[in-house]
Amino acid sequence: MAIRKVRIMGDEVLTKVCREVTEMTPRLRQLVNDMFDTMYDSMGVGLAANQVGILRRIVVIDCGDDPHVLINPVIIETAGEQTGPEGCLSLPGQSGIVTRPDYVKVKACDEDMEEFVLEGEGLLARAICHECEHLDGHMFVEKVEGPLEDVDYEE
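What counts and what doesn't
- Throughout this document, residue positions are counted from 1 along each chain, in the order its sequence is written.
- Per-residue local features are limited, in this predicted model, to residues with pLDDT of at least 70; the limit for side-chain atom pairs, both in listing and counting, is 80 or more; totals at the level of whole chains, interfaces and linings are taken over all residues.
- Hydrogens and water molecules were not included; the side-chain quantities draw on all heavy atoms of the structure.
- For patch detection, residues must exceed 30% relative accessible area and be free of salt bridges, and they are connected within 9 Å for like charges or within 5 Å for nonpolar side chains (Val, Leu, Ile, Met, Phe, Trp, Tyr).
- For every accessible area listed, the method is Shrake-Rupley and the probe measures 1.4 Å; residues are considered covered only by the protein chains on display.
- Whenever a carboxyl oxygen of Asp or Glu lies within 4 Å of a side-chain nitrogen of Lys or Arg, that contact is scored as a salt bridge.
- Only runs of H or I of at least four residues qualify as helices and only runs of E of at least two qualify as strands under DSSP, and these elements are numbered from the N terminus.
- A pair of strands is labelled paired if DSSP reports no fewer than 2 bridges between them.
- What a helix is expected to span follows from its residue count: subtract one and scale by 1.5 Å.
- Only protein chains enter the accessibility calculation, which uses a 1.4 Å probe. A residue is then buried if its area is under 20% of the maximum for its type, exposed if over 50%, and partly exposed in between.
- Between two residues, a contact is recorded if the distance between any of their heavy atoms is within 4.5 Å.
- Among buried residues, the Ala, Val, Leu, Ile, Met, Phe, Trp, Tyr and Cys ones that are joined through side-chain atoms within 4.5 Å form a nonpolar core.
- Whenever a pair of cysteine sulfur atoms sits within 2.5 Å, that pair is classed as a disulfide.
- Whenever a helix is involved, its axis is fitted only over the stretch in contact; in every case the axis is a line through C-alpha atoms, and angles between N-to-C directions fall within 0 to 180 degrees.

(A) Region of the structure containing a nonpolar patch on the surface. The grouping of Val74, Ile76 and Val117 at the surface amounts to a nonpolar patch, some 240 Å² of accessible area in total. Relative to the helices and strands, Val74 resides in strand β3 (residues 68–79).

(B) Structural view of the sheet that holds strand β5 (residues 94–100). Pairing in this open sheet of three strands is antiparallel, and the strands run β4-β5-β8 from one edge to the other. At either margin of the open sheet sits one strand with a lone partner, and together these are β4 (82–87) and β8 (149–150).

(C) Main features of helix α1 (residues 26–41). Taking 1.5 Å of rise per residue, 16 residues should cover 22 Å, and α1 covers 22 Å from first to last C-alpha, within 8% of that figure. Along α1, the residues that are buried comprise Leu28, Leu31, Val32, Asp34, Met35, Phe36, Thr38 and Met39. Of the surrounding secondary structure, the elements contacted by the buried residues of α1 are β1 (46–48), β2 (58–61) and β3. Just downstream of α1, Met43 is the residue with a positive phi angle, here 60 degrees.

(D) Main features of the nonpolar core. Ranked by size, the top nonpolar core spans 18 residues in total, and within it Leu31, Met35, Leu47, Ile58, Val60 and Ile71 carry the most contacts. If you list the elements that add at least two residues to this core, you get α1, β2 and β3. It is α1 that provides the largest number of residues to this core, a total of six residues. Residues in contact with Leu31, not counting those within four places in the same chain, are Arg4, Ala49, Val52, Ile54 and Ile58. Ala48, Leu70, Ala108 and Ala125 belong to the second-largest nonpolar core, a separate cluster that totals 16 residues.

(E) Molecular detail of the side chain of Gln51. Residue placement: Gln51 occurs in the loop between β1 and β2. Overall, the relative accessible area of 1% leaves Gln51 in the buried class. In contact with Gln51, not counting residues within four places along its chain, are Lys5, Val6, Arg7, Leu14, Gly46, Cys88, Leu89, Ser90, Glu131 and His134.

(F) Region of the structure containing the state of the cysteines. Under the criterion given, the structure shown has zero disulfides. Between Cys63, a cysteine without a disulfide, and Cys129, which holds the nearest cysteine sulfur, the sulfur-to-sulfur distance is 11 Å. Residue classification places Cys63 among the partly exposed residues on the basis of a relative accessible area of 23%. Cys88 forms no disulfide, and the closest cysteine sulfur to it belongs to Cys18, at a distance of 13 Å. Taking the relative accessible area as the measure of exposure, Cys88 reaches 10% and is therefore buried.

(G) Region of the structure containing the sheet that holds strand β6 (residues 103–109). Taking strand neighbours across the sheet as the criterion, the five strands line up as β1-β2-β3-β6-β7 in an open arrangement whose pairing is antiparallel. With partners counted over all chains shown, the strands left at the sheet margins are β1 and β7 (115–121), one partner each. In this sheet, adjacent strand axes meet at a mean angle of 35 degrees when their direction is disregarded. Both β1 and β2 contribute to a ladder of three bridges, which runs antiparallel.

(H) Representation of the pattern of salt bridges in the model. Taken as a whole and assessed by the stated rule, the structure comprises ten salt bridges. Across the salt bridge formed by Lys105 and Glu77, the nearest N and O atoms sit 3.5 Å from each other. Note that Lys105 is positioned in strand β6 and Glu77 in strand β3, a separation of 28 residues in sequence. Of the charged contacts, one joins Glu86 and Arg126 as a salt bridge, the two residues approaching to 2.5 Å between their closest N and O atoms. Here the residue Glu86 occupies a position in strand β4, and Arg126 occupies one in helix α2 (residues 123–135), the gap between them amounting to 40 residues. In the salt-bridge network here, residues are joined through shared partners; they are Glu86, Arg100, Arg126, Glu133 and Lys143.

Here you go:
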């Protein structure tokens, strides 16, 4: 396992649409493990493969309850609304206010390419939406309401 370099906003790879995963390979399994290591090392709750320079539809999320691997995720249902601060490992030290669904249902494959459905509320719903947008070449700054704010990690 390894810590990979997180690409920063302005890197062209973050604007690209990621390709679907058709087969789980040892290299992609290693990528998933490295993505978790990188996310935890950066104290994030989610990471998309293009954030580490790989244009594949893979997301890892851990909001503190249970780690999730989403391969080829597709959001199939949303409900409600939540507005709050959001940040991104590809824009360190910055956050902004973003409105997202408060409930999300996503269909994806696990590491064995078995399809499953995950439902999330609150932070998990926010993370699913945020990371799935990365896979389509979008960043949260496109949805920020008002100015970006500096994040004070000393608090």
